[in-house]
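Chain by chain, the residues:
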Amino acid sequence: MIIEGIEDFSAETGAFGSLMGLDFGTKTIGVAISDRLQSVGSPRETIKRKKFGVDADAIDQLIAENEVVGIVLGLPMNMDGSEGPRAQSTRAFARNLSARISVPIFFWDERLSTVAAERVLIEADMSRKRRADVIDNVAASYILQGVLDRLAHIRAS
């Protein structure tokens, strides 16, 4: 099931249970997972994309292992707020994935998440090769953390 509004996503997932953040790319899928209290998102791994079925199985396995109650999928919007081909590809992936998993999927605007992740990794004096290995899951944690912060704000109101 794909959920459009963050309030609906909050109601569907509840306040307890891990959330998964995904940074969907053409070659990899960055994965981040929150703690069960949904306060902090941590980078986990990068899935090297193969065929959709293999990718979906890897995600489904992570859902089961981490008791994930919802997925936050970064939506690559253009800087003017419009959706381009990458956003359409991400939406198609979500539609296909939602047919194979039992947890809701929510889109979060991921503009500049990779830029922010790259900046943090450079500040940490990480080598170019190591940055390339972890950039996607760090970007996924930025995407996930944005939703976790927003959910905390909604629930505090």
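Refer to the structure presented above.
The structure contained in this document is the topic of the report that follows. What you see is a predicted model, and the numbers here were worked out from it, not measured in a lab.

1. Quick word on the nonpolar core
By size, the foremost hydrophobic cluster in this structure holds 24 residues, and its most contacted members are Met20, Leu22, Ile59, Ile63, Ile71, Leu73 and Leu97. Of all the secondary-structure elements, those providing two or more residues to this core are strand S2 (18-24), strand S3 (28-34), helix H2 (52-66), strand S5 (68-75), helix H3 (85-98) and strand S6 (105-109). Not counting chain neighbours up to four residues away, the residues in contact with Leu73 comprise Leu22, Phe24, Thr90, Phe93, Ala94, Ile105, Phe106, Phe107 and Trp108.

2. What about the sheet that holds strand S1 (residues 2-3)?
The sheet built from six strands is open, its strands ordered S1-S6-S5-S2-S3-S4 with mixed pairing. The sheet is open, and its two edges are formed by S1 and strand S4 (41-48), each paired on a single side. The strands touched by helix H1 (residues 6-13) are S1, S2, S5 and S6; relative to S5, the strand with the most contacts, the crossing angle is about 155°. Across the sheet, H3 touches S1, S2, S3, S5 and S6, and the angle it forms with S5 is around 160°.

3. Points about the pattern of salt bridges
Applying the stated criterion to the full structure yields four salt bridges. The salt bridge involving Asp57 is made with Arg100; its shortest N-O contact spans 2.6 Å. With Asp57 in helix H2 and Arg100 in the loop between H3 and S6, this pair connects stretches of sequence that are 43 residues apart. The exposure class of Asp57 is partly exposed, given its relative accessible area of 43%.

4. Thoughts on H1
Because an α-helix packs 3.6 residues into every turn, residues spaced three or four apart end up facing the same way. When H1 is considered as a whole, its buried residues turn out to be Ile6, Phe9, Ser10 and Thr13. Down the axis, H1 shows its buried residues gathered within 100° of arc, on one side only. Projecting away from the buried face of H1 at angles above 90 degrees are the exposed residues Asp8 and Ala11. A positive phi of about 75° marks Gly14, the residue just after H1.

5. Remarks on the packing of aromatic side chains
By convention here, two paired aromatic rings are described through the distance between centres and the angle between planes. Inspection of the entire model under this criterion finds four aromatic pairs. Seen in terms of ring centroids, Phe9 and Phe106 are 5.2 Å apart; in terms of plane orientation they differ by 25°. Their pairing is stacked. With a gap of 97 residues between them, Phe9 in helix H1 and Phe106 in strand S6 connect regions that are remote in the sequence. For the residue pair Phe9 and Phe106, the accessibility class agrees, reading buried in each case. Three or more aromatic residues joined by ring pairs make a cluster, and in this case those are Phe9, Phe106 and Trp108.

6. Section: the environment of Phe106
Phe106 gets classed as buried once you look at its relative accessible area, which sits at 4%. In sequence terms Phe106 and Gly21 are 85 residues apart; their C-alpha atoms lie 9.6 Å from each other. Non-local contacts of Phe106, meaning those with residues more than four positions away in its chain, are made with Ile3, Glu4, Gly5, Ile6, Phe9, Ile71, Val72, Leu73 and Val147.

7. A closer look at the packing of H2 against H3
Running from N to C, H2 and H3 point in directions that differ by 65°, and their axes come no closer than 11 Å. In this view, H2 runs roughly perpendicular relative to H3, as classed from their interaxial angle. Judged by the sense of rotation from one axis to the other, the crossing of H2 with H3 is right-handed. Residues Phe52, Ala56 and Ile59 of H2 lie in contact with H3, whose contacting residues are Phe93, Asn96 and Leu97. Its residues assigned to classes, the contact of H2 with H3 comprises five nonpolar, one polar and no charged.

8. Brief notes about unusual backbone geometry
Phi is positive for Gln38, close to 60°, though the residue is something other than glycine. Of the residues examined, Gln38 reaches a relative accessible area of 4% and is grouped as buried. A positive phi angle is found at Glu67, which is not glycine, with a value near 50°. What makes Glu67 partly exposed here is its relative accessible area of 47%.

Reading guide: rules and limits
Residues numbered from 1 in each chain as written. Predicted model: local features only at pLDDT ≥ 70, side-chain atom pairs only at ≥ 80, totals over all residues. Heavy atoms only, no water. Core = buried A, V, L, I, M, F, W, Y, C linked by side-chain atoms within 4.5 Å. Buried < 20%, exposed > 50% of the residue type's maximum accessible area, 1.4 Å probe, protein only. Helix = DSSP H or I, 4+ residues; strand = E, 2+ residues; numbered from the N terminus. Contact = heavy atoms within 4.5 Å. Pairing = 2+ DSSP bridges. Axes fitted to C-alpha atoms, helices over the stretch in contact; angles between N-to-C directions. Salt bridge = Lys/Arg side-chain N within 4 Å of Asp/Glu carboxyl O. Arc of directions from axis to C-beta. Phe/Tyr/Trp six-rings, centres within 6.5 Å; stacked < 30°, edge-to-face > 60°. Parallel < 35°, antiparallel > 145°, perpendicular 65-115°, else oblique. Left-handed = near helix turned anticlockwise from the far one by under 90°. Nonpolar A, V, L, I, M, F, W, Y, C, P; charged D, E, K, R; others polar.

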